[in-house]
Each structure stands twice: as structure tokens, then as C-alpha cells.
Amino acid sequence: MTNGNDGPSSVLQTALWNVQQTVRRLKLTDDIARRVIEPAERISIRIHPVIHDDGRMLHADVFLVRHNDVLGPTKGGIRMTPTVSLDEITGLAMEMTWKTSLIGVPFGGGKSGIRADPALLKPAEKEVLIRAFTRSVQRHVGPEIYVPAPDMGTNENDMGHIRDCISYSGGTSITTGCFVTGKPVLLGGIVGRREATGYGVVSTIAAACKHLNLNLSNFRVAIQGFGNVGSVTASAIAEQGACVVAVSDISGGTFCKDGLNVQKLIEHVKTTGKVKGFAGGKDISLDDVLETECDVLVPAATHSAITQKNAGLIHAKIIAEGANAPLTPQADDILIDHKVFIIPDILCNAGGVFVSYLEYTQETQRDQMTRTEVEHRLNNRMKSTFELVFNRAEKTRSTMRHAAMDIAVTRVVDGILARGLLP
Ligand code: NAD
């Protein structure tokens, strides 16, 4: 694996750093370490769909990585951004292996990517692109191989198109088993999947407050990113009485020291497409949001948002990693030195994949779960996994990230040994 064009603080480098440290702590042999670290399959495909009315084609690279399937079929979202690369997808797939293992669902780690800018696509153009992507990777997708879901730049409508494309190819109304999660509820999706990651983030923050003897309802919160994860986290934490003082998206930030009205901000973003210009706050820069005086900072946008350059400027007591790999390893060290309590991504944002697992079982059994059932199971699983990680961190006097990685990687190693080493 090379670092490709990701630069020195890429998600792949962060993922490799974290797993290599874990391999050392757990004293794994070189052979087992390679089984744990090296991706099983990395695919890059060029597609040329005709997406424009005038017959012009879009020439796009798509990527699919199945990192490790020891504990089950690989699971992970589809990222659509103009810069996504095979290395970025590899790092994210690796993270999914630890996340599914830690949260205790029978999946491995995978991820896929489409290099395109969703903001430049009309809905019909995006549908053609999603269908072209689906056909190109279809032989690598299925309930026993890789089950995609939404990630940055993709949403439940796109997942509906994927399911339709696969069932249409087979000439059937539905797929046999679950090929994709995060679908619209009408098409076999599960109630509560859209909110699951954000609710899970807030469950882990509430659990941290309990253990650290802090009162969530007195908290000031800053959130980077106001898409699926950021906006749901903002609503859910405000409902618990906390004050959301700063929020950003790619357009810029907004701030109100007495607390932003989150529902009005959501309406503003629906109407204008951006956070900037919100009448209930003062426009601030992207950096200002990260550096806001607050108790909790939730990076919920993209990877490597906090580096050694800005880590020293963070004021939060708790960082809850809503995004995947938002901290570089150097930033992590600086923040740990500053006694910031960090809830690592593989724990903090695992609510999405947990509810995806419920969707997978629901579709397999042709069952329908209620919102109460889904939220109850999500909350219980997030809390019990937080306890497991917190207790291990206390016992071994390590960080939450080290404890989470040690538990996750140990389970994958146990899976390798339980399956046996022969082909
Ligand atoms: P999304 O596309 O719905 O939203 C992303 C948001 O981040 C947008 O508001 C965008 O404008 C903003 N953004 C992008 N770059 C930014 C920057 N430099 N500064 C400030 N804001 C910026 O994506 P999402 O589904 O909410 O995912 C966000 C993060 O959470 C990603 O890292 C993703 O991998 C991770 N995640 C998502 C899920 C899920 O269920 N959606 C699950 C686990 C982890």
C-alpha cells in the first residue's frame, strides 16, 4: 500500500499507525499482524456513464476495498467526494474492521468510493452515476460479501437506487437478503437508521459525562460538519439540555454564545444549502468553530480535521469523534497531553453500523422493527460498549483509543485462530 495522493496525514496513515501500535501492545507475531493489517481485496474501476442530457459522459474512478472478513461479510459506506482515493477507502475499510468488531456485530470491514462531486450533480445525474457504480461493483457486493451503506456524499435515496438496480438486474421485486443498508424505510430500510450515528455519538458523550462526573445539560457544544451525523448530533444533544454554540459545514461556521436554535438552523440549511448566513448566529470561520470555547467538540465532517497545527488551540474537555479519523496521531498525542478525554471514532460513531446490522437481520427475516425497539437496542449497545472500553482503559491505564483498539483487534485475532489457519 502506498500513501498515494493523500498527503502525510491521510486516513490510511492514521489507520496504519493505530493498528501498528496495537500490534505492538498485543505482541502479535509478524504473520498474524499481516493477517490483521493487510487488506483482503482492493479494487479500482473506471466507469463512463452518460449522465448529462446532451449525451456527454462522466469519466469517474470508483473504488471498493474489503479489508477483513474474518468476523463476517464486510460492511462500510460509499463515499462520494471529488478527491476520494483508493488509499482513503483502504484506511476507512480498515477502520470498519475494528468498528464492527468492537461494537460486536458479525461483520468485517469494507468501504467503497466514487470520485465525483455530489454538489455538482442533479438528482437524475446522480442516480445514473449510482446505478453505473452498482453495476461495475455488483460482483463484489452481496449479503455474504460486502454490504454498502451511506457515507459522505451519499444518502438513503442512493441506497434505494442500489437495491432497485440489483433486484432489477435479477428481474425480481426485491433482493434475496440484504445487499445494502441505509435504504428508505419503504424499500426494506429500518426506522431510525438515519439518526443512528448521531444518536450513538450522543449516547457515548452521555456515558462519558457519567463516568467523569460532568453534567451534560450544562455543556457548550461545537460541531464541525452539519450533514447526517453533525445535524442529528446537534438536535439530540440540544434535546438533552446542552447548548450548541458553534456549527460549521464546508461553507463556513455560525456561532451564538447563548446557543443556536438547532431546528431553525436545520431549516436554514434545507432552504439555502449552507450553514453560512444563518440569522440566528454570527458567521465565523471554519477554524473558529474548532477553536471555540466549549466543553465538547464533535468533529463530524472529514478525516484529519485536527492536526498538530491546530490541536493546541482546542479548548474542549471532551472530543467525540463523529467523523472517521478526524485526528491525526500527532494531534491525538497533543490532546492527550492536554488531558482532553477523547471518545475514539470506532466507538463514538459505531451507532450507524449497529443499526445497519439490525436492518440486515430485519430484511433477512422479512421482519419490521419499531423505532422504540431500534433506539433501545442502539442505546444499550453504545452504553455497554462504552463501559467495556472505559473499564479496560482504567484497568490498563491507557487511553480510550488504545483500549478500544486492543479489544477490537484481539477479537479479530481470536476469529482468525478460531477459523483455523489453513485455507
Ligand atoms: P454528510 O455528507 O452528510 O455531511 C458532511 C458534512 O461535513 C457536510 O455538512 C459538509 O459540508 C461538511 N464538511 C465537509 N468538509 C468540511 C470542512 N472542511 N469543514 C467543515 N465542514 C465540512 O456526511 P455524514 O454522513 O454526516 O458523515 C460525516 C462523517 O461521519 C464522515 O467522516 C463519515 O465517514 C462519518 N460517519 C458517518 C456515518 C453515517 O452513518 N452517515 C457513520 C459513521 C461515520
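Residues numbered from 1 in each chain as written. Predicted model: local features only at pLDDT ≥ 70, side-chain atom pairs only at ≥ 80, totals over all residues. Heavy atoms only, no water.

Chemist: I'm lost on the sheet that holds strand E9 (residues 252-255) in this one. Help?
Modeler: Sheet strands pair by backbone hydrogen bonding; their relative direction is either parallel or antiparallel. Taken together, the seven strands give an open sheet; going across it, the order is E10-E9-E8-E7-E11-E12-E13, and neighbouring strands pair in mixed fashion. Edge positions in the sheet fall to strand E10 (282-284) and strand E13 (341-343), since each of these pairs with one other strand and no more. Adjacent strand axes in the sheet meet at a mean angle of 20° when their direction is disregarded. The pairing of strand E7 (residues 220-224) with strand E11 (residues 296-299) spans four bridges and is classified as parallel. Within E11, the position partnered with Gln-224 by the bridge is Pro-299. (Pairing = 2+ DSSP bridges. Helix = DSSP H or I, 4+ residues; strand = E, 2+ residues; numbered from the N terminus. Axes fitted to C-alpha atoms, helices over the stretch in contact; angles between N-to-C directions.)

Chemist: Please clarify how the site of the ligand should be interpreted in this entry.
Modeler: Taken together, 22 residues lie near the ligand, and Arg-79, Asp-151, Thr-197, Val-229 and Asn-324 sit nearest. Contact between the ligand and Arg-79: an oxygen atom at 2.8 Å from a side-chain N or O atom of the residue. Note that an oxygen atom of the ligand is positioned 2.9 Å from one of the backbone N or O atoms of Val-229. Relative to its free-state accessible area of 840 Å², the ligand is covered by the protein chains to the extent of 84%. Sorting the residues of the shell around the ligand by element identifies helix H6 (193-212), helix H7 (228-239) and strand E8 (243-249) as the ones contributing at least two each. When residues are assigned to domains, the shell around the ligand turns out to be shared by domain 1 (39-189) and domain 2 (194-348), each giving three or more. (Near = heavy atom within 4 Å. Polar contact = N/O pair within 3.5 Å; in protein donor to acceptor, adjacent residues only side chain to side chain. Areas by Shrake-Rupley, 256 points an atom, 1.4 Å probe, with all protein chains shown as cover. Domains from an automatic or database assignment.)

Chemist: Could you clarify how one ought to interpret the confidence of the model for the protein in this entry?
Modeler: Detailed reading of the predicted coordinates is not advisable wherever pLDDT is low. Taken over all residues, the pLDDT of the protein has a mean of 95, while the share at 70 or more is 98%. This model gives residues 1-9 a pLDDT under 50, and the stretch forms 23 contacts once residues within four places in sequence are excluded. (pLDDT = per-residue confidence, 0-100. Contact = heavy atoms within 4.5 Å.)

Chemist: I keep staring at the pattern of salt bridges and nothing clicks. Help me out?
Modeler: Counting across every chain of the model gives 30 salt bridges. For Arg-34, the salt bridge goes to Glu-38, with nearest N and O atoms at 2.7 Å. Since its relative accessible area comes to 53%, Arg-34 is described here as exposed. The class for Glu-38 is partly exposed, based on a relative accessible area of 37%. Among the salt bridges present, the one from Asp-54 reaches Arg-56, with a minimum N-O distance of 2.9 Å. By relative accessible area, Asp-54 is classed as exposed at 53%. It is possible to trace a salt-bridge network through shared partners that takes in Arg-79, Glu-88, Lys-111 and Asp-151. (Salt bridge = Lys/Arg side-chain N within 4 Å of Asp/Glu carboxyl O. Buried < 20%, exposed > 50% of the residue type's maximum accessible area, 1.4 Å probe, protein only.)

Chemist: Help me out: how do you make sense of unusual backbone geometry in this one?
Modeler: Among all residues save glycine, negative phi is the norm, and among peptide bonds the norm is trans. A positive phi angle is found at Lys-27, which is not glycine, with a value near 55°. Tracing the backbone through its elements, the reader meets Lys-27 in the loop between helix H1 (11-26) and helix H2 (30-37). One non-glycine residue with positive phi stands out, namely Arg-366, at about 55°. Here Arg-366 shows up in the loop between helix H12 (351-365) and helix H13 (371-396). Since its relative accessible area comes to 65%, Arg-366 is described here as exposed.

Chemist: Teacher, can you tell me more about the domain arrangement of the protein here?
Modeler: It is common to report an interface's size as the accessible area lost on association of the parts. As assigned here, the protein comprises domain 1 (39-189) and domain 2 (194-348). Between domain 1 and domain 2, the C-alpha centre-to-centre distance is 27 Å. If you look at the interface, domain 1 gives 10 residues, while domain 2 gives eight residues. Of the roughly 790 Å² buried at the junction of domain 1 and domain 2 (both faces included), carbon and sulfur atoms supply 56%. When the area that domain 1 buries against domain 2 is broken down by residue, the three leading residues are Glu-95, Lys-99 and Leu-102, summing to 48%. Where domain 1 meets domain 2, there are zero salt bridges. Inspection of the region where domain 1 meets domain 2 yields one residue pair in polar contact (both at pLDDT 80 or more). The greatest single-element share of the side of domain 1 that touches domain 2, amounting to six residues, is contributed by helix H3 (residues 86-103). Grouping the amino acids of the side of domain 1 that touches domain 2 by side-chain chemistry returns four nonpolar, no polar and six charged. (Buried area = accessible area lost by both parts, 1.4 Å probe. Nonpolar A, V, L, I, M, F, W, Y, C, P; charged D, E, K, R; others polar.)

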